[in-house]
Amino acid sequence: MNPLHYELSHLETLEAESIHVFREVAAEFERPVLLFSGGKDSLVLLRLAEKAFRPGRFPFPVMHVDTGHNFPEVLEFRDRLIESLGERLIVASVQESIDRGRAVEETGPRASRNRLQTVTLLDAIAEHGFDAAFGGARRDEERARAKERVFSFRDDFGQWEPKRQRPEVWALYNGRIRKGEHVRVFPLSNWTELDVWQYIAQERLEVPSIYFAHPRQVFERDGMLYAMSPHVQLIEGETPFEASVRYRTVGDMTCTGAVRSYATSLPEVVSEIAATRVTERGETRADDRVTEAAMEDRKREGYF
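Keep in mind it's a predicted model, so treat the numbers as computed, not measured.

Trainee: Could you give me a rundown of the environment of histidine 182, with the residues and numbers involved?
Mentor: Counting through the fold element by element, histidine 182 comes out in strand 6 (residues 182–185). Relative accessible area serves as the criterion here: at 3%, histidine 182 is assigned to the buried category. Along the chain, histidine 182 and phenylalanine 151 lie 31 residues apart, while their C-alpha atoms are 9.7 Å from each other. When residues no more than four places from it in sequence are discounted, the contact partners of histidine 182 are Leu122, Ile125, Phe130, Asp131, Ala132, Ser152, Phe153, Arg154, Gly158 and Ile177.

What follows is the structure in structure tokens.
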């Protein structure tokens, strides 16, 4: 093939766009941070950051907002991966926010710390003076996500207003902010869940084990399967049972549902995702089922 006529593949095009975003942020902002959950999307962000900045170190730290109710497998994976990369990890703790009176613990069988992450995140951004925060949100996740720009501006209260977002014509990003404001940056805006999994397979990236089918003690609530853990309280009539499940997304154990699956390898996961017609958050996140505008309401308050 004539190298002058080489055409980028779909994934190569997405990769190039995302790397461009990383380098734009590094050039325009003084104190960026990469938000990392241990999940598949933030794992892809780490690989893209490697391609953007290696052999040097990242020009920003990595930060995880830990609810204290995360899957143990994901926390183990997070620590091992960051150590292997030799990058700096900041853990912002929801439990510490509760202990300091900055957040109030929910009670009852449907209690979750997921919403409490907002206070912890905004406090950490203010404490460290971060002016840009990379996130792994994709526009195919949920309707509120689809309203985001690549550079999503937040006011000095950390709040998001869709009507005040700036146009991004010809991939030109305006990073001007005033003191106290910051930008959430979404390099995966044009990616889909299938793109993410195909990229993981192409790059041969290791992912947390809960993304693959495994036997787990679960219980059913509101049409979703939840893992048994010390952080959940059963409601009368709910009975634990063992099932072969996997997770499409990672998060707080109290609001993240599993899906029945026998996919134990990357090719099988890719095939499963290619065949599904339900978004991951619509199928596996209880907090997004509260109202039709649940995610948008949380984003307006400063959520991821």
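Having seen the model, we can carry on.
Trainee: Tell me about the layout of surface pockets, and name the residues and values.
Mentor: The space that makes up the second largest pocket amounts to roughly 240 Å³. Around the second largest pocket sit 15 residues that line it, and Ile125, Phe130, Gly180, Glu181 and His182 are the ones nearest its centre. The element best represented in the lining of the second largest pocket is helix 5 (residues 117–128), accounting for three residues. Of the residues belonging to the lining of the second largest pocket, the class tally is six nonpolar, four polar and five charged.

Trainee: Could you give an account of the side chain of arginine 216, naming the residues involved and the relevant values?
Mentor: Relative to the helices and strands, arginine 216 resides in strand 7 (residues 214–221). Judged by its relative accessible area of 13%, arginine 216 is buried. A polar contact is formed between the side chain of arginine 216 and the side chain of histidine 214, at a distance of 2.9 Å. Residue contacts for arginine 216: discarding those within four places in its chain leaves Phe71, Glu73, Ile210, Ala227, Phe241, Glu242, Ala243, Val245 and Tyr247.

Trainee: Describe the sheet that holds strand 4 (residues 132–134), and please don't skip the residues or the numbers.
Mentor: Within the open sheet, the six strands sit side by side as 3-2-1-4-6-5. Their pairing is mixed. In this open sheet, the two edge strands, each paired with only one partner strand, are strand 3 (89–93) and strand 5 (151–154). Neighbour-to-neighbour, the strand axes of the sheet open up by a mean angle of 30°, direction not taken into account.

Criteria and thresholds
Here the residue index of a chain counts from 1 through its sequence in written order. Only residues with pLDDT of 70 or above have their local features reported here, since the model is predicted, and side-chain atom pairs are shown and tallied only from 80 upward, although totals for entire chains, interfaces and linings are computed over all residues. Excluding hydrogens and water, the side-chain values take into account all heavy atoms of the structure. To qualify as a helix, a DSSP run of H or I must reach at least 4 residues; to qualify as a strand, a run of E must reach at least 2; elements of each kind are numbered from the N terminus. Accessibility here uses a 1.4 Å probe with only protein chains present; expressed as a share of the type maximum, an area under 20% marks a residue as buried, one over 50% as exposed, and anything in between as partly exposed. Any two residues having at least one pair of non-hydrogen atoms within 4.5 Å are treated as being in contact. The pocket and cavity definitions rest on a 1 Å grid over protein atoms only: a 1.4 Å probe that fits but cannot leave marks a cavity, an open set with protein on both sides within 12 Å along at least five of seven lines marks a pocket, and residues lining either have an atom within 4 Å of a point. Grid points are joined across faces, edges and corners, and a volume is the space filled by probe spheres set on the points. Here the nonpolar group is Ala, Val, Leu, Ile, Met, Phe, Trp, Tyr, Cys and Pro; Asp, Glu, Lys and Arg are the charged ones; every other residue, Gly included, is treated as polar. Polar contact is defined as a pair of N or O atoms within 3.5 Å, subject to the rule that within protein one atom must be able to donate a hydrogen and the other to accept it, and that residues adjacent in sequence are counted only when both atoms are side-chain atoms. At least two bridges found by DSSP between two strands is the condition for calling them paired. Angles shown run from 0 to 180 degrees and are taken between the N-to-C directions of axes, each axis being a line fitted to C-alpha atoms and, for helices, limited to the stretch in contact.

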